[in-house]
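Each chain, written out:
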Amino acid sequence: MQTQTLSRRVDALLDRVQKPARYMGGEMNATIKDPSRVAIRYAFAFADVYEVGMSHLGSRILYDVINRREDALCERVFTPWVDMADLMRAEGVPLFSIETRSPVRGFDMLGVTLQYEMSYTNILEMLDLAGIPLHSEERTWDDPIVIAGGPCAFNPEPLYRFIDAFSLGDGEVSTLQTIDVVKACKQEGVSREECLRRLARLPGVYVPSLYRATYHDDGTLASFEPTEPGVPRTVVKNMVADLDAAAYPESIVVPFMEIVHDRINIEVLRGCTRGCRFCQAGMIYRPVRERSVERLLDLADKLVGSTGYEEITLSSLSTGDYSCLPQLAHELMERFAKERVALSLPSLRLDSRVKETLEETQRVRKTGLTFAMEAGTQRLRDVINKGITEEDLLSSVRDAFAGGWSSVKLYFMFGLPTETEEDLLGIPDLANKVVRAYFDTPRGVRARGLRVNCSASCFVPKAFTPFQWEPQDTIEVFQQKQRLLCAAMRIKGVEFNWHEPHVSFLEAVFSRGDRRTAAVIEEAWRLGCRFDGWSDQFSFERWMQAFERCGVDPAFYANRRRERGELFPWSFIDAGVTEAYLWREHERAMRGEITPDCRKGCQGCGLKRFEGACVGR
Amino acid sequence: MRMLLQFAKTDTVRHLGLLDLQRTMQRALRRSGLPVRYSSGFNPHIVMSFASALSTGVPGDAELLDVALEAQEGALTEAECLARMNAVLPPTLPAERVRLVDDRFPKLGAALAQAAYSVELAGGDAARIAGAVPDYLAQSQIMALRKSKTRETLVDIRPMIHDLTAKTAGEDARLTMRVSFVEAATLKPELLLSSLCTFAGAEMPVCRIRRTGLLGVAADGRAVPLIDL
């Protein structure tokens with residue numbers, strides 16, 4: 001009855017907002033269950049707009065995992081865009097789920113996936129719109145248990161006051177375990193505190209209210225301890241050893257509106273063994289686990305049949321490393337050519353068997369080519385352990401141009417440790433060489449209209465990487481480097497995009513922030529910050545005001561070089577890779593030494609300690 | 001062979017734009033397993049067209065989609081097509097009827113002559129507007145300002161109104177109308193309503209428009225649902 005009215009009130013707002021399809025629901029394959037027949041109602045939140053959140057694979061996996069349970073239901077929640085949020089506040093409409101437009105506060109659990117730091121204010125925005133107290137300690141059983149996971153949960157501290165429990169690592173199994181615990185607690189009628197205590201005993205779960213942090217005079221962390229016995233000192237991440245056995249959706253919601261990644265997403269493998277030293281995902285998602293070709297083909301069949309999508313993408317951190325890629329690509333083509341299903345291969349490593357797969361992809365539809373070079377010179381690529389050479393790039397683009405491609409994207413970072421002016425100028429140098437490779441391709445062979453899209457982002461040092469000790473360049477230095485790059489990037493056929501350093505600076509603060517930065521996030525939100533990842537909403541001034549009001553120096557987190565041995569806010573987490581390994585990699589980076597892919601020999605990163613990890617290698 | 005599919009764009013999804021609807025129908029058709037025809041080229045898509053695009057924000061009870069099929073006559077039944085479409089469409093876009101026609105059947109867009117709407121008027125001057133309908137229709141000429149993207153023209157809309165009735169319920173009222181819908185003379189329900197309000201000396205009320213039908217004109221001059229033409 002209450003939901004009926006809320007639904008109507010939401011509906012009335014839809015005539016007054018920019019993109020009503022974001023809130024509409026009613027999509028193909030959405031799961032709608034009778035709430036009276038389940039024990040746990042789980043709201044799964046993505047702290048951004050619908051079209052971004054719907055593109056996230058992990059959310060889709062967990063939506064499916066939860067809805068497969070007979071005793072639970074899962075409904076989606078996204079951050080209402082500013083126009084909708086303002087209307088909701090004006091009309092007293094609380095945050096609602098997409099499926100049944102039920103108030104989020106009435107759910108038993110609220111899962112939040114943490115994909116990027118700049119969505120943190122959106123989490124507060126959602127809690128506030130839902131009428132859920134922002135601080136964990138102020139919540140009662142009238143509120144859901146708020147659980148967060150995803151890559152940013154590997155440094156959970158900036159959110160420690162707002163989240164009841166964090167779940168670290170792969171969520172397929174642990175999400176179900178947390179549901180079991182909450183269900184049992186509700187049935188037994190135990191206190192919310194007891195429920196959190198029980199959650200803290202689950203593998204990979206961190207309950208911040210059960211730990212205390214103290215600080216040295218210089219501001220660094222002095223100690224980080226559980227406040228009571230039975231709470232683990234170290235939280236070990238969850239890992240699904242066998243991807244073939246892991247749950248994967250066979251049917252996904254097909255949105256009406258165009259979303260960012262509007263296609264079938266098939267995760268071919270998880271983890272990456274390349275060991276790029278800047279890459280947090282490459283460290284925290286270890287070890288590499290592959291799905292079998294049979295399982296992938298079966299999933300592709302079912303998903304094409306259940307969605308009608310016209311495109312399949314093979315996704316992972318490094319799809320080119322999938323051991324059976326040519327076979328898989330070939331079989332997918334065979335199977336779906338008649339149904340006009342295109343295959344696209346994102347984040348393709350240019351040092352893999354690009355050529356073979358390119359010839360395959362071309363048969364159905366031409367998709368863009370992307371090369372993540374990351375740095376302009378071989379010296380710097382050695383420092384970051386990006387095992388790609390200039391010749392790899394040039395031979396790949398030559399093949400691509402000869403194969404009829406004319407559009408190439410190149411990704412770079414700047415502000416990397418040890419970077420010099422020569423390294424920076426290596427970026428325009430590479431772009432020039434790509435342009436030349438195009439014009440060296442005979443006129444009749446190459447496609448017309450060369451487009452080299454070159455983009456450079458500001459390096460952000462991340463927790464659990466060999467660069468976690470490194471300072472980030474200051475905004476001023478970034479801007480100087482940017483000017484140098486812009487001047488050198490005026491090349492015909494090349495479009496150059498760069499990212500403003502202010503957002504990256506804040507990312508650097510929160511990706512390595514401690515508990516004291518939580519107050520800043522709250523203050524920034526109170527000052528009106530939300531959708532900070534959207535350039536039209538982002539206000540650096542408001543953020544700086546928040547730091548000032550809270551007496552927190554952002555440079556302490558972003559621009560400070562950390563000593564070996566410093567206790568980090570994330571040190572209590574065992575992410576698989578050991579600190580000894582990360583430091584060893586840091587030292588090798590400083591010497592410009594590369595570390596080979598661990599598939600070619602174990603590098604002792606620490607994953608061998610996990611049962612079932614690194615099988616057969 | 002072609003499949004004429006009559007479906008409803010329900011209230012929940014009234015905000016769907018034409019592109020959203022196109023994508024959804026393409027995907028539903030792909031899932032249906034019906035022998036659809038694809039266009040050639042790098043981005044092959046299913047050959048289909050809507051009889052008329054329906055504005056964002058307006059629901060429709062009997063919208064029409066025209067789909068080209070690669071099938072011989074008799075290979076499929078209408079009931080089978082309808083069942084297959086309903087199995088793959090979301091409940092918010094239910095298929096209501098299917099008619100299989102020959103490739104030579106006239107294009108829906110060309111056969112379209114009239115559209116029917118219902119307009120819910122909430123409160124305010126609703127009753128006064130409803131009461132003015134008989135006198136409004138008694139006029140031999142109704143001049144109204146028709147706006148296009150580039151210009152405004154004063155036209156007589158009386159010949160474009162084929163049917164207009166009003167019903168009141170308490171403070172609210174409902175108008176039911178059937179108006180011309182051809183390229184040279186399309187009367188939008190909003191324009192009719194504003195002209196009626198001016199005539200009644202009333203403020204434009206809060207209103208909800210829904211399209212209830214798309215019609216063609218039969219040989220005997222009667223307006224019939226397009227799918228039955």
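Each value, and the rule that gives it
- Residues numbered from 1 in each chain as written.
- Chains lettered and ligands numbered in written order.
- Predicted model: local features only at pLDDT ≥ 70, side-chain atom pairs only at ≥ 80, totals over all residues.
- Heavy atoms only, no water.
- Helix = DSSP H or I, 4+ residues; strand = E, 2+ residues; numbered from the N terminus.
- Buried < 20%, exposed > 50% of the residue type's maximum accessible area, 1.4 Å probe, protein only.
- Contact = heavy atoms within 4.5 Å.
- Areas by Shrake-Rupley, 256 points an atom, 1.4 Å probe, with all protein chains shown as cover.
- Lys, Arg positive; Asp, Glu negative; His and termini not counted.
- Charge placed at Lys NZ, Arg CZ, Asp CG, Glu CD.
- Rg over C-alpha atoms; globule rule 2.2 N^0.38 Å.
- Phe/Tyr/Trp six-rings, centres within 6.5 Å; stacked < 30°, edge-to-face > 60°.
- Lys NZ or Arg CZ within 6 Å of the ring centre and 35° of its normal.

Peer 1: How should I be thinking about the overall build of chain B in this particular structure?
Peer 2: Regarding its fold elements, chain B presents six helices and twelve strands. Counting all 229 residues of chain B, 50% fall into the buried class. Long-range pairs, those at least 24 residues apart, make up 70% of the contacts in chain B with a sequence separation of at least 6. Counting only carbon and sulfur atoms, one obtains 52% of the accessible surface of chain B, whose full area is about 10900 Å². Averaging the positions of the 27 positive and the 25 negative side-chain charges in chain B gives two centres separated by 4 Å.

Peer 1: Honestly, the overall build of chain A in this entry has me stumped. Any pointers?
Peer 2: A count of helical and extended segments in chain A gives 21 helices and 19 strands. A compact globule built from 617 residues would reach a C-alpha radius of gyration of about 25 Å, and chain A, at 24 Å, matches this within 12%. Dimensions of chain A, computed from C-alpha atoms along their principal axes, come out at roughly 75 × 65 × 50 Å. Residues counted as buried form 61% of the 617 residues belonging to chain A. Carbon and sulfur atoms make up 50% of the accessible area of chain A, which amounts to about 23200 Å² in all.

Peer 1: What exactly am I supposed to notice about the packing of aromatic side chains here?
Peer 2: All names here are of chain A. Scanning the model with the defined rule gives 30 aromatic pairs over all chains in all. With centroids separated by 6.4 Å and ring planes inclined at 50°, the aromatic side chains of Tyr206 and Phe224 adopt a geometry described as tilted. Separated by 18 residues along the polypeptide, Tyr206 in strand β6 (residues 205-206) and Phe224 in strand β8 (residues 221-226) bring together distant segments of the chain. Its relative accessible area of 12% is what places Phe224 among the buried residues. One aromatic cluster is present, built from ring pairs that chain together Phe166, Tyr206, Tyr211, Phe224 and Phe572. Lying over the aromatic face of Tyr63, Arg76 brings its terminal NZ or CZ to 5.7 Å of the ring centre. The ring of Tyr215 has Arg516 sitting right over it, with the charged end atom 3.8 Å from the ring centre.

Peer 1: Explanation requested: unusual backbone geometry in the structure shown.
Peer 2: Leave glycine aside and you will find that most residues have negative phi; peptide bonds, for their part, are mostly trans. Residue and element names in this part refer to chain A. Following Arg286, the chain continues to Pro287 via a peptide bond in cis, the omega torsion being -5°. As for its placement among the helices and strands, Pro287 is situated in the loop between α9 (280-284) and β12 (289-290). Even without a glycine there, the phi angle at Glu374 is positive, about 70°. Tracing the sequence through the fold places Glu374 in strand β15 (residues 369-374). Positive phi, close to 50°, is recorded for Phe531, a residue that is not glycine.

None of the figures reported here should be taken as evidence of function without further support.
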